[in-house]
Amino acid sequence: MAEDNGGMARPLRSQWRIRTVVRRRHRTWVASMVFATLGWGVWWSAVVLLELAPDWAPSLRVTAWVACAFALFGLFLAVFSVRARLIWVLLAGVPVFANGSLLCLPLLLDHVPQFPAQ
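Residues numbered from 1 in each chain as written. Predicted model: local features only at pLDDT ≥ 70, side-chain atom pairs only at ≥ 80, totals over all residues. Heavy atoms only, no water.

Peer 1: With reference to specific residues and values, describe the packing of helix α3 (residues 60-80) against helix α4 (residues 86-109).
Peer 2: Between α3 and α4, the shortest axis-to-axis distance is 8 Å and the interhelical angle comes to 155°. Of the possible angle classes, the one that applies to α3 and α4 is roughly antiparallel. In this structure, the crossing between α3 and α4 has a hand that is left-handed. Contacts from A64, A67, C68, F70, A71, L72, G74, L75, A78 and V79 of α3 reach α4 at A92, P95, V96, N99, G100, L102, L103 and P106. Class assignment for the residues of the contact of α3 with α4 results in 15 nonpolar, 3 polar and no charged. (Axes fitted to C-alpha atoms, helices over the stretch in contact; angles between N-to-C directions. Helix = DSSP H or I, 4+ residues; strand = E, 2+ residues; numbered from the N terminus. Parallel < 35°, antiparallel > 145°, perpendicular 65-115°, else oblique. Left-handed = near helix turned anticlockwise from the far one by under 90°. Contact = heavy atoms within 4.5 Å. Nonpolar A, V, L, I, M, F, W, Y, C, P; charged D, E, K, R; others polar.)

Peer 1: Could you give an account of the nonpolar core, with specific residues and numbers?
Peer 2: Among the nonpolar cores identified, the biggest contains 8 residues, and these are W43, L60, A64, A67, A71, L102, L105 and L109. Elements supplying a minimum of two residues to this core: α3 and α4. For this core, the element with the most residues is α3, which contributes 4 residues. (Core = buried A, V, L, I, M, F, W, Y, C linked by side-chain atoms within 4.5 Å. Buried < 20%, exposed > 50% of the residue type's maximum accessible area, 1.4 Å probe, protein only.)

Peer 1: Any chance you could break down a nonpolar patch on the surface for me, citing the residues and the numbers?
Peer 2: A grouping of V82, L86, I87, V89, L90 and L91 is seen on the molecular surface, where their side chains present a nonpolar patch of about 540 Å² in accessible area. Here L91 shows up in helix α4. Among the residues examined, L91 registers a relative accessible area of 35% and is labelled partly exposed. (Patch = residues over 30% accessible without salt bridge, like charges linked within 9 Å, V, L, I, M, F, W, Y side chains within 5 Å. Areas by Shrake-Rupley, 256 points an atom, 1.4 Å probe, with all protein chains shown as cover. Salt bridge = Lys/Arg side-chain N within 4 Å of Asp/Glu carboxyl O.)

Peer 1: Outline the side chain of N99, listing residues and values.
Peer 2: For N99, the position within the fold is in helix α4. Not counting residues within four places of it along the chain, the set of residues in contact with N99 comprises S32, F35, A36, F70, A71, G74 and L75.

Peer 1: A description of the packing of aromatic side chains should follow, citing residues and the corresponding values.
Peer 2: Throughout the structure, instances matching the rule amount to 3 aromatic pairs. Centre to centre, the rings of F76 and F80 are 6.2 Å apart; their planes meet at 10°, and the pair counts as stacked. Of this pair, F76 and F80 both sit in helix α3, 4 residues apart, which is roughly one turn of that helix. According to the relative accessible area criterion, F80 is partly exposed, its value standing at 41%. Here the aromatic residues F35, F70 and F73 are joined through ring pairs into a cluster of three or more. (Phe/Tyr/Trp six-rings, centres within 6.5 Å; stacked < 30°, edge-to-face > 60°.)

Peer 1: Before we move on, could you go through α3 and cite the residues and values that matter?
Peer 2: Helix length check: α3, at 21 residues, gives a terminal C-alpha distance of 30 Å against a target of 30 Å (1.5 Å per residue), a fit within 8%. All buried positions along α3 are accounted for by L60, T63, A64, A67, C68, A71, G74, L77 and A78. (Expected span 1.5 Å × (residues − 1).)

Peer 1: So what's going on with the side chain of T63? Residues and values would help.
Peer 2: With respect to the element layout, T63 can be found in helix α3. At a separation of 3.0 Å, a polar atom in the side chain of T63 contacts the main-chain carbonyl oxygen of S59. For T63, the contacting residues outside a window of four places in its chain are V42, W43, A46 and P58. (Polar contact = N/O pair within 3.5 Å; in protein donor to acceptor, adjacent residues only side chain to side chain.)

Peer 1: Account for the environment of A36, naming residues and giving values.
Peer 2: Following the sequence through the fold, A36 ends up in helix α2 (residues 24-52). Taking C-alpha positions, A36 is 9.5 Å from C68, a pair spaced 32 residues apart along the chain. Setting aside residues no more than four positions away along its own chain, A36 makes contact with A98, N99 and L102.

Here it is in structure tokens:
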């Protein structure tokens, strides 16, 4: 294919700027994943504290409220990061699922007899 052009110069090649800034949607996606991670970290910290130091462990209701606060904000950011391209819909599905499952966890734990939501 290079022979088809016969060594022709590529116009504007030297004036091309490489984009070094992170796009806003990517930052929003990362922030939504950070909030999902914080929310899951709250749950796992509470579970570890219940196992190792039950006197220091918060109640599951407090844990659920704090984790759901992170999840709601993360879910908002995840939905806000969706763009009209298929790849962004697929990528935004990851934090939507992570934050959505975090919001559903207290509902699931109500049905488990070992974890009352009190």
